[in-house]
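Here's the letter readout for the chains.
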Amino acid sequence: MSAPSSDTILARMMALHPKIIDLTLDRVWRLLGDLGDPQDHMPPVIHIAGTNGKGSTLAMIRAGLEGAGLTAHAYTSPHLARFHERIRVAGSLISEPDLTAVLDECYAANGDVPITYFEITTCAALLAFSRTPADYTLLEVGLGGRLDATNVIPHPRLTVITPISIDHEQFLGDTLAAIAFEKAGILKRGVPCIVGPQPDEAMSVIERQAARVGAPLLANGQHWHVTQERGRLVYRDQSGLCDLPLPNLQGAHQVQNAGIAIAALRQLELGEAAWEAAVTRAEWPARMHRLTDGPLVEAVGAGELWLDGGHNAAAGQALGALMADLPKRPTWLICGMLNSKDISGFLRPLAEQAQGLVAVPIPGEPNSLPADAVAETARAVGFETQTAETVSAALAMIRQREPDARILICGSLYLAGSVLRENG
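If you're wondering where the values come from, they're calculated on a predicted model, not measured in any experiment.

Draft legend 1. Representation of the packing of helix α2 (residues 26-34) against helix α5 (residues 117-130) within the structure. The geometry of α2 relative to α5 is characterised by a closest axis approach of 10 Å and an angle of 40° between their N-to-C directions. Here α2 and α5 pass one another in a crossing that is right-handed. From α2, R27, V28, L31 and L32 reach across to α5, where they touch E119, I120, C123 and L126. Per-class residue counts for the contact of α2 with α5 are six nonpolar, no polar and two charged.

Have a look at this one:
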């Protein structure tokens, strides 16, 4: 009888706890203790929280570390096409045999005791990281920070808080102050924290929490600055100025993310090779990502096909600004969203940049909004709308109407993952 695959074990893990999200650290501490506390045996940790830009910032820091000749483990979520994307061991996606082994070990150690899918798979990632040498470990918070399963590192090398905005209100609170308090829960005594651009309400909470725990802050606008000048990225801090190419990840918001990454790399005392690699070599799919081959690209013919997984108001604003800077072309959106998201907040900044929108359900996602509900909200913020059952059907509808259209598929990372799988 063959050993179970990682997909089989992951499916079993989904049944261990009735709630998908249940924020507490008790279950994680218990399982990590049973596994021999792997969190205490990993390379130095850079822990990253925030609402927007966590993944892009992590990708830039990782590119910078690798540009300096160093290796890094990385843990991110959610995945797009395959679970393996969440766990990168010493620079490479975890192999199927290694993933199966750590998942099986965690499942056996946990037994039938309740634990969420994210918690047990986070433990599996930490276990994998504890067994392979690397120079650093990059951990992206899943949700919030204070009670997130990744918040088990007593003394990370560095913490990072990217821009905070309203999202996941049902779990983190419905004000910026409440959400910032949860994000600031990753701060640790004596551990420097790089802080990206923040609304005043969020920054006040971060500063108060930093003072309470004794965490030095290196904050955008106070200790470092980043701007776009004459087609270059210019970073300044008390140690001097860096004149660098613009990020290869598209959008003005990526300049801010690059500033955070450079501040982190400078705090680690890494030099110009690291800074330049951070902005020129980072890869982060489904963040204003132009698809250039595959069956869905072929289906749009002479048109352009773009993909983005942003899903909150801040992401909508960033996307709207980026689209406004692109060469003018008839533009349509294909949008699917979860029922927990602020659809109008996401879509409103995009309404002036597109001729219309085709709403779709997210395949295989029980929390997907019906296409009719997305379309209704899109109409209310100014879109001409249609609905389709699938992305392929939506592409055909748009191509029939605008053969040369720029098409952006957006609204959810889950939709983006489905598109990447379908596009091969």
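Draft legend 2. View of the packing of aromatic side chains. Considering all chains together, one arrives at three aromatic pairs under this definition. The interplanar angle of 80° and the centroid separation of 6.3 Å between the aromatic rings of F83 and Y117 together place this pair among those described as edge-to-face. Within this pair, whereas F83 is found in the loop between β2 (72-75) and β3 (87-89), its partner Y117 is found in helix α5, the two being separated by 34 residues in sequence. Overall, the relative accessible area of 4% leaves F83 in the buried class.

Draft legend 3. Main features of the sheet that holds strand β10 (residues 232-237). One open sheet accounts for three strands, arranged β9-β10-β11; its pairing is antiparallel. Single-partner strands in this sheet number two, and they are β9 (224-229) and β11 (240-245). Direction aside, neighbouring strands of the sheet carry axes that sit 20° apart on average. As judged from the six bridges shared by β9 and β10, these two strands associate in the antiparallel manner. Within β10, the residue paired with H225 across the bridge is R236.

Draft legend 4. Quick peek at unusual backbone geometry. Omega for the bond connecting S77 with P78 falls within 30 degrees of zero, at -10°, which places this linkage in the cis form. When you line up the elements, P78 lands in the loop between β2 and β3. In the Ramachandran plot, E269 falls in the positive-phi region, its phi being about 65° despite a non-glycine side chain. Residue E269 is classed as exposed on the basis of its relative accessible area, which comes to 72%. Notably, M288 is not glycine yet its phi reads approximately 40°, a positive angle. With a relative accessible area of 4%, M288 lands in the buried category.

Draft legend 5. Seen up close, helix α1 (residues 6-13). Those residues of α1 not exposed but buried are S6, I9, L10 and M13. The arc that holds the buried residues of α1, viewed along the axis, is 100°, so those residues lie on one side. On its buried face, α1 sits against α4 (96-110) and α5.

Draft legend 6. Inspection of the pairing of β11 at higher detail. Sheet topology note: the β10/β11 ladder contains six bridges and is antiparallel. By the bridge assignment, D237 is partnered in β11 with G240. If you look at the hairpin formed by β10 and β11, you'll find two residues sitting between the two strands.

Draft legend 7. Main features of the nonpolar core. Of all hydrophobic cores here, the largest spans 38 residues; its most connected members are I46, I61, L65 and L233. Top contributing element to this core by residue count: helix α9 (residues 252-267), with eight residues. With 35 residues, the next largest nonpolar core counts L31, V45, Y117 and A128 among its residues.

Draft legend 8. Quick look at the sheet that holds strand β14 (residues 331-335). Spatially, the six strands line up as an open sheet ordered β12-β13-β17-β14-β15-β16, and their pairing is mixed. Of all strands in the sheet, those bounded by a partner on one side alone are β12 (289-291) and β16 (384-387). Shown here is a sheet whose adjacent strand axes are inclined to one another by a mean of 25°, direction ignored. Alignment of strand β15 (residues 356-359) against β16, held across four bridges, turns out to be parallel. From the neighbouring strand, L357 faces β16, where its bridge partner is T385.

Draft legend 9. Layout of the environment of H79. Looking at the element boundaries, H79 is found in the loop between β2 and β3. Sequence-wise, H79 and G259 are 180 residues apart; in three dimensions their C-alpha atoms are separated by 25 Å. The residues touching H79, leaving out its near neighbours within four places in the chain, are E85 and R86.

Draft legend 10. The arrangement of the pairing of strand β13 (residues 304-307) in detail. Neither face of β13 is left uncovered, since the one carrying E304 and W306 and the one carrying L305 and L307 both have all their residues buried. Two strands pair when backbone bridges link them, and β12 and β13 are joined in this way by three bridges, in the antiparallel orientation. Paired with H289 across the bridge in β13 is L307. With four bridges connecting them, β13 and strand β17 (residues 406-410) associate as parallel partners. Bridged to E304 within β17 is R406.

What counts and what doesn't
- Residues numbered from 1 in each chain as written.
- Predicted model: local features only at pLDDT ≥ 70, side-chain atom pairs only at ≥ 80, totals over all residues.
- Heavy atoms only, no water.
- Axes fitted to C-alpha atoms, helices over the stretch in contact; angles between N-to-C directions.
- Helix = DSSP H or I, 4+ residues; strand = E, 2+ residues; numbered from the N terminus.
- Left-handed = near helix turned anticlockwise from the far one by under 90°.
- Contact = heavy atoms within 4.5 Å.
- Nonpolar A, V, L, I, M, F, W, Y, C, P; charged D, E, K, R; others polar.
- Phe/Tyr/Trp six-rings, centres within 6.5 Å; stacked < 30°, edge-to-face > 60°.
- Buried < 20%, exposed > 50% of the residue type's maximum accessible area, 1.4 Å probe, protein only.
- Pairing = 2+ DSSP bridges.
- Arc of directions from axis to C-beta.
- Core = buried A, V, L, I, M, F, W, Y, C linked by side-chain atoms within 4.5 Å.

Functional significance is not addressed by these values, which are geometric in nature.
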